[in-house]
Amino acid sequence: MNLLEEGLTNHSVQETELTRKLTIDGMSTAYPVHRIRLDQLFYNDKNDRIASFISQYKNEHGGKGPDLADRDNYNQIIENFIRDSNPEALKKTESNIEMFQQREPGVVLADGRVIDGNRRFTCLRNLAKKNPNFGFFEAVILDRDIENDAKQIKTTWEYIYQDYKLNSILCK
């Protein structure tokens, strides 16, 4: 599945006027931000915290992890983990999004994997249950073929996170 190509065709992805500057592979580029319907996205099982949780989940469930083929259930299991791991931070972010909308775009891969913005994605999923206006995640869609390459996904996320941290420090 290519989220960008298929999503624009079936209207589950919408173009916006926004951009987000990312530094990937040493090159800074302003990428277009899209509005992506939440049901097209899933949590990044390659994220260290989520991968650790999935390992624990497997141990508790006879070696079976959440099944990505059942995306709704997969997302719900990981959403519960994110909610339970830091409920105060989640509540603060959710209140902020409810008041001001999503202000910081996330980053997703072309397969729908959220590699930056798990907490925002979780908050939007919760808010959308009460108000369908929150049914979209604003994010850059990286059209990169790294679906099954955990190391490259992690490296891409690290570049994005380092860029985010640097910008946070410089903009204070």
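Everything below is about the structure shown above.
Residues numbered from 1 in each chain as written. Predicted model: local features only at pLDDT ≥ 70, side-chain atom pairs only at ≥ 80, totals over all residues. Heavy atoms only, no water.

Draft legend 1. The arrangement of the packing of aromatic side chains in detail. Under the criterion given, the structure shown has five aromatic pairs. Where F53 meets F81, the ring centres are 4.4 Å apart and the plane angle is 15°; that geometry is what we call stacked. Placement of the pair is F53 in helix α2 (residues 48-60) and F81 in helix α3 (residues 71-85), with a sequence separation of 28 residues. Assigned by exposure class, F53 and F81 land together as buried. Consider the rings of F121 and F137, whose centres lie 6.0 Å apart with planes at 55°: the pair is tilted. Remark: F137 occurs in strand β6 (residues 136-142) and F121 occurs in helix α5 (residues 118-130); sequence separation between them is 16 residues. F137 carries the same exposure label as F121, and that label is buried. In textbook terms, an aromatic cluster arises when at least three aromatic residues are bridged by ring pairs, as seen for Y43, F121 and F137. Above the plane of the ring of F100 lies R103, whose end atom (NZ or CZ) is 5.0 Å from the centre. R125 extends its terminal NZ or CZ atom over the ring of F121, reaching a point 5.7 Å from the ring centre. (Phe/Tyr/Trp six-rings, centres within 6.5 Å; stacked < 30°, edge-to-face > 60°. Helix = DSSP H or I, 4+ residues; strand = E, 2+ residues; numbered from the N terminus. Buried < 20%, exposed > 50% of the residue type's maximum accessible area, 1.4 Å probe, protein only. Lys NZ or Arg CZ within 6 Å of the ring centre and 35° of its normal.)

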